[in-house]
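# Overview (structure and organization)
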Amino acid sequence: MANALAPFPAHFQDRPATMIDYLRIHVLWADGSVESQRIAEMISTHFDGLGMERDGVAYRIPVRFSSAPWAAGSTLPKPVDLTRAAHNAVVVLNDDFMFEQAAAWNDYLAETRAAITARGEVDIYIPFGSPGREAVPASDAARNTQYVRRDRWTQLTTPAARDKRLLLHVLVQIRRYLRTLKVDQRDEPLFVSHAKADGDTTARAIITYVQSPDNDVPLETFYDAMELNPGEDFQARFKEEIGRGTLIAIVSDVYDSRPWCVFELTTAKRHRRPIVLADINSVRISRTFPYGANLPRVRLSPAPGDDAWIDPLLAEAMSEGLRCDIFEAQARKALAGADALVLPRPPELFDIVDGDPPPNTILYPDPPLGDIEAELVQRAVAAIAPSARLLTLSEYSA
């Protein structure tokens, strides 16, 4: 139930009972905690427009709040309804308000965990510890439940910085959980593609930040050939890491002119991997690589000694990754084994002409392409695979 001080916007109202979401996020906090309510609203705003947007339409993951007392004489919200989604992520914001109501919240969270367990391994529980180091609820302590330690984020001095770190944890944990449902459950590396000439400082700052034990960033990284063992086939290893990873491309002045940068970017596209462009261009790009388009782009202006831009960039990359993960899962379910080319982004000429002729169905995320884009892509499809249909997921499902 939404907090009484912050009713759900219209698009958060419950859907008809027959509709089941693929993923829902539930944010739980103790009534009266203004800071936890603010964080919950931040999470909701972020997932309300996750990743790609076209013609004013963005992919949304529904977020539900549980904080306001549900029954007279109680301090607890309505029990979390896990039946309205195939998968649920339950985010707990423990703080001094929850600690003051420890007995009641202990029972509530124990019942929530029991409901999660009863559904099998289809939901995930993501608890955050109190910034003031108050004890976690007894039922979670008894289960040795690991909490994200917000009290260790001492270097994050602003609410915005702490928000991005918390958001990053939510995104990473949901993506890790979704990988447990797949055959390949290995951790997914963050591959930072860059030109040594003018992108290395930015790329190295990201890797150093993620790998630092002083930062609580739950990501695996792959930087460059220095991480390889002597004698390894570096091209094969790059393909392997990119083929299962999320790629951040540091688009500097010379990035688009470097063959290895083009190789890394096109390899990620061929593998339908999540990609985010981090634009640090300072003067002029002599020729923009055409297949670097059709991707989310973040403008960066990193200053020496300032790392406040890194968590937001990582959150952007993980958001794009989650969008791709969910679309792929939904597409595979809808296809039910049927042969199709599944594209995590709107189709472009690269997707049509690269590799073997596409199968009879080319599936991509909603909303449909605009008229100009669609005409160009349809002409390419007609020339290479005349019988192929170009459909969004909703069009195919209909």
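Only a predicted model underlies this, so the values are computations on that prediction, with no experimental measurement involved.

What counts and what doesn't
- Residues numbered from 1 in each chain as written.
- Predicted model: local features only at pLDDT ≥ 70, side-chain atom pairs only at ≥ 80, totals over all residues.
- Heavy atoms only, no water.
- Helix = DSSP H or I, 4+ residues; strand = E, 2+ residues; numbered from the N terminus.
- Buried < 20%, exposed > 50% of the residue type's maximum accessible area, 1.4 Å probe, protein only.
- Contact = heavy atoms within 4.5 Å.
- Pairing = 2+ DSSP bridges.
- Salt bridge = Lys/Arg side-chain N within 4 Å of Asp/Glu carboxyl O.
- Bend = angle between axes of the 7 residues up to and from the residue.
- Axes fitted to C-alpha atoms, helices over the stretch in contact; angles between N-to-C directions.
- pLDDT = per-residue confidence, 0-100.
- Parallel < 35°, antiparallel > 145°, perpendicular 65-115°, else oblique.
- Left-handed = near helix turned anticlockwise from the far one by under 90°.
- Nonpolar A, V, L, I, M, F, W, Y, C, P; charged D, E, K, R; others polar.
- Core = buried A, V, L, I, M, F, W, Y, C linked by side-chain atoms within 4.5 Å.
- Right-handed = clockwise from strand over helix to strand, strands pointing away.

### Description of the environment of Gln235
Relative to the helices and strands, Gln235 is located in helix H7 (residues 234-243). On the basis of relative accessible area, Gln235 is assigned to the partly exposed category, the value being 35%. When the C-alpha positions of Gln235 and Phe263 are compared, they lie 9.5 Å apart, and in sequence the two are 28 residues distant. Excluding anything up to four places from it in sequence, Gln235 contacts Trp260 and Phe263.

### Remarks on the pairing of strand E4 (residues 63-66)
Burial along E4 is two-sided: the residues Val63 and Phe65 and Arg64 and Ser66 are all buried. Direction of pairing for strand E1 (residues 21-28) relative to E4: parallel, over a ladder of 4 bridges. Bridged to Leu28 within E4 is Ser66.

### Focus on the pattern of salt bridges
The final tally for this structure, using the stated rule, is 24 salt bridges. One salt bridge connects Arg38 with Asp163, and the closest N-O pair in it is separated by 2.7 Å. Of the two residues, Arg38 sits in helix H1 (residues 34-48) while Asp163 sits in helix H5 (residues 159-179), which places them 125 residues apart along the sequence. Assessed through its relative accessible area of 10%, Asp163 is described here as buried. Linking Asp325 and Arg175 is a salt bridge whose minimum nitrogen-to-oxygen distance equals 2.6 Å. In this pair, Asp325 is assigned in helix H9 (residues 310-335) and Arg175 in helix H5, connecting sequence segments 150 residues apart. The same class applies to Asp325 and to Arg175, which are both buried. Taken together, the salt bridges that share partners define one network made up of Arg175, Arg179, Glu188, Arg273 and Asp325.

### Comments concerning helix H6 (residues 196-211)
Along H6, the largest kink reaches about 25 degrees and is centred on Thr202. Looking only at H6, the buried set comprises Gly199, Asp200, Thr202, Ala203, Ile206, Ile207, Tyr209 and Val210. Turning to H6, the residues buried within the fold contact H5, strand E7 (189-193), strand E8 (220-222), strand E9 (246-251) and H9.

### Digging into the sheet that holds E4
Read from one edge of the open sheet, 4 strands run E4-E1-E5-E6, paired in parallel fashion. In this open sheet, the two edge strands, each paired with only one partner strand, are E4 and strand E6 (124-128). With direction set aside, neighbouring strand axes in the sheet form an average angle of 20 degrees. Here strand E5 (residues 85-93) pairs with E6 via 5 bridges, running parallel. Residue pairing across strands places Val92 opposite Pro127, the latter belonging to E6. Packing against the sheet, H1 makes contact with E1, E4 and E5, and its axis sits at approximately 165 degrees to E4.

### Some points on the confidence of the model for the protein
Confidence in the prediction of the protein, expressed as mean pLDDT, is 88, and 90% of residues score 70 or more. Taken as a whole, residues 1-18 scores under 50 in pLDDT and shows 37 contacts with residues more than four places along the chain or in a different chain.

### Remarks on the packing of H7 against helix H8 (residues 259-270)
Here H7 crosses H8 at 40 degrees, and the two axes come no closer than 9 Å. Regarding the angle of H7 to H8, the classification is oblique. The interaxial crossing formed by H7 with H8 has right-handed handedness. Taken together, the residues of H8 that come into contact with H7 (itself represented by Phe234, Gln235, Phe238, Lys239 and Ile242) are Trp260, Phe263, Glu264, Thr267 and Ala268. For the contact of H7 with H8, a count of residues per class yields 6 nonpolar, 2 polar and 2 charged.

### Overview of the nonpolar core
By size, the foremost hydrophobic cluster in this structure holds 56 residues, and its most contacted members are Phe47 and Leu314. With 9 residues, H5 is the largest single contributor of residues to this core. Excluding anything up to four places from it in sequence, Phe47 contacts Ile25, Tyr59, Arg60, Ile61, Val63, Leu167, Val170, Leu171 and Leu322.

### Here we look at the environment of Asp351
Here Asp351 is to be found in helix H10 (residues 349-353). We classify Asp351 as buried; its relative accessible area is 8%. The residues contacting Asp351, other than those within four sequence positions of it, are Arg272, Leu341, Leu343 and Pro346.

### Digging into the pairing of E9
Within E9, 6 of the 6 residues are buried, which leaves the element mostly enclosed by the surrounding structure. Of the two faces of E9, the one lined by Thr246, Ile248 and Ile250 and the one lined by Leu247, Ala249 and Val251 are each fully buried. Where E7 meets E9, 4 bridges bridge the pair, whose relative direction is parallel. Bridging from a neighbouring strand, Ser193 pairs with Ala249 of E9. As judged from the 5 bridges shared by E9 and strand E10 (residues 275-279), these two strands associate in the parallel manner. Residue pairing for E10: Val251 is matched across the bridge by Asp279. The β-α-β motif built from E9, the intervening H8 and the parallel element E10 has right-handed crossover chirality.

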